[in-house]
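# Understanding the architecture of this molecule
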Amino acid sequence: MKFTSTDKAPAALGPYSQAVSVNGLLFTSGQIALDPATGAIVGEGDVVAQAEQVCKNLGAVLEANGVTYTDVVKTTCFLADMGDFAVFNEVYGKYFTGKPARSCVAVKTLPKNVLCEVEVIAELK
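Below, the structure is looked at part by part. (Residues numbered from 1 in each chain as written. Predicted model: local features only at pLDDT ≥ 70, side-chain atom pairs only at ≥ 80, totals over all residues. Heavy atoms only, no water.)

## What to know about the overall build of the protein chain
Within the protein chain, the secondary structure is distributed over 2 helices and 6 strands. Listed by position from the N terminus, the elements making up the protein chain come as β-β-β-α-β-α-β-β. Against the 2.2 N^0.38 benchmark of 14 Å for 125 residues, the protein chain shows a C-alpha radius of gyration of 13 Å, consistent with a compact globule. Projecting the C-alpha coordinates of the protein chain onto the three principal axes gives extents of approximately 35 × 30 × 20 Å. Looking at the protein chain as a whole, 43% of its 125 residues qualify as buried. Charge separation in the protein chain, taken as the distance between the mean sites of 10 positive and 13 negative side-chain charges, equals 4 Å. (Helix = DSSP H or I, 4+ residues; strand = E, 2+ residues; numbered from the N terminus. Rg over C-alpha atoms; globule rule 2.2 N^0.38 Å. Buried < 20%, exposed > 50% of the residue type's maximum accessible area, 1.4 Å probe, protein only. Lys, Arg positive; Asp, Glu negative; His and termini not counted. Charge placed at Lys NZ, Arg CZ, Asp CG, Glu CD.)

In structure tokens:
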């Protein structure tokens with residue numbers, strides 16, 4: 001088992017890893033719209049800006065493990081408001097072009113009151 005720690009993605013907000021790899025798979029923790037350098041929320045109140053930052057953060061975790069968005073086999077997406085589903089999908093679709101399996105749910109509250117969070121499972125090379 002290998003734990004990921006890269007300064008190109010936000011540090012964990014609690015006692016967990018950015019990602020863990022085991023048996024040829026990478027499991028990321030959920031990423032939210034935090035600037036890795038400052039820890040500040042990006043795009044306060046703007047789901048498009050937040051989704052962009054979430055995808056960039058996931059990309060950094062994937063890159064730290066030698067894989068890309070096309071190696072992702074499953075995503076789980078959390079939205080604070082299902083009314084943001086369409087605009088979230090527009091951003092998501094730019095990054096996850098391989099169309100991995102996905103779940104997308106609305107939740108009552110996300111960490112730091114952000115508007116979206118995404119976690120992925122990727123196949124390691």
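From this point, the discussion proceeds with the structure in view.
## Considering helix 1 (residues 47-64)
With 18 residues, helix 1 ought to run about 26 Å at 1.5 Å a step, and its terminal C-alpha atoms sit 26 Å apart, in line with that. Counting buried residues along helix 1, 13 of its 18 residues qualify, which places the element largely inside the surrounding structure. Taking the backbone nitrogen of V48 as reference, a side-chain oxygen 3.1 Å away marks D46 as the first, capping residue of helix 1. Where helix 1 terminates, the next one or two residues include G66, which has phi positive at roughly 75 degrees. (Expected span 1.5 Å × (residues − 1). Polar contact = N/O pair within 3.5 Å; in protein donor to acceptor, adjacent residues only side chain to side chain.)

## Notes on the environment of A60
Tracing the sequence through the fold places A60 in helix 1. We classify A60 as buried; its relative accessible area is 10%. C-alpha separation for the pair A60 and G45, spaced 15 residues apart in sequence, amounts to 23 Å. For A60, the contacting residues outside a window of four places in its chain are T6, K8 and A9. (Contact = heavy atoms within 4.5 Å.)

## Observations concerning the side chain of Q31
One can find Q31 in the loop between strand 3 (25-28) and helix 1. Relative accessible area serves as the criterion here: at 5%, Q31 is assigned to the buried category. Among all residues touching Q31, those that are not within four sequence positions of it are A9, P10, V54, N57, L58, V61, C116, E117 and V118.

## What about the packing of aromatic side chains?
Counted under the stated rule, the structure contains 4 aromatic pairs. Relative to F96, the ring of Y69 has its centre 5.4 Å away and its plane inclined at 85 degrees; by these criteria the two rings are edge-to-face. On the criterion of sequence distance, the pair formed by Y69 in the loop between helix 1 and strand 4 (72-79) and F96 in the loop between helix 2 (85-95) and strand 5 (101-106) is long-range, its members being 27 residues apart. Grouping residues by exposure puts Y69 and F96 together as buried. (Phe/Tyr/Trp six-rings, centres within 6.5 Å; stacked < 30°, edge-to-face > 60°.)

## Some words on helix 2
Three or more residues of helix 2 are buried, namely F88, V91, Y92 and Y95. Down the axis, helix 2 shows its buried residues gathered within 100 degrees of arc, on one side only. The exposed residues of helix 2 that point more than 90 degrees off its buried face are A86, E90 and K94. (Arc of directions from axis to C-beta.)

## So, the sheet that holds strand 2 (residues 19-22)
Taken together, the 6 strands give an open sheet; going across it, the order is 1-2-3-6-4-5, and neighbouring strands pair in mixed fashion. Each edge of the sheet is formed by a strand with only one pairing partner; in this case those strands are strand 1 (2-4) and strand 5. Adjacent strand axes in the sheet meet at a mean angle of 15 degrees, parallel and antiparallel pairs treated alike. In this sheet, strand 2 lies alongside strand 1 in antiparallel orientation, the contact comprising 3 bridges. Note on strand 2: the bridge partner recorded for F3 is V20. Each of strand 1, strand 2, strand 3, strand 4 and strand 6 (116-123) is contacted by helix 1, which is oriented at about 25 degrees to strand 6, the strand it contacts most. (Pairing = 2+ DSSP bridges. Axes fitted to C-alpha atoms, helices over the stretch in contact; angles between N-to-C directions.)

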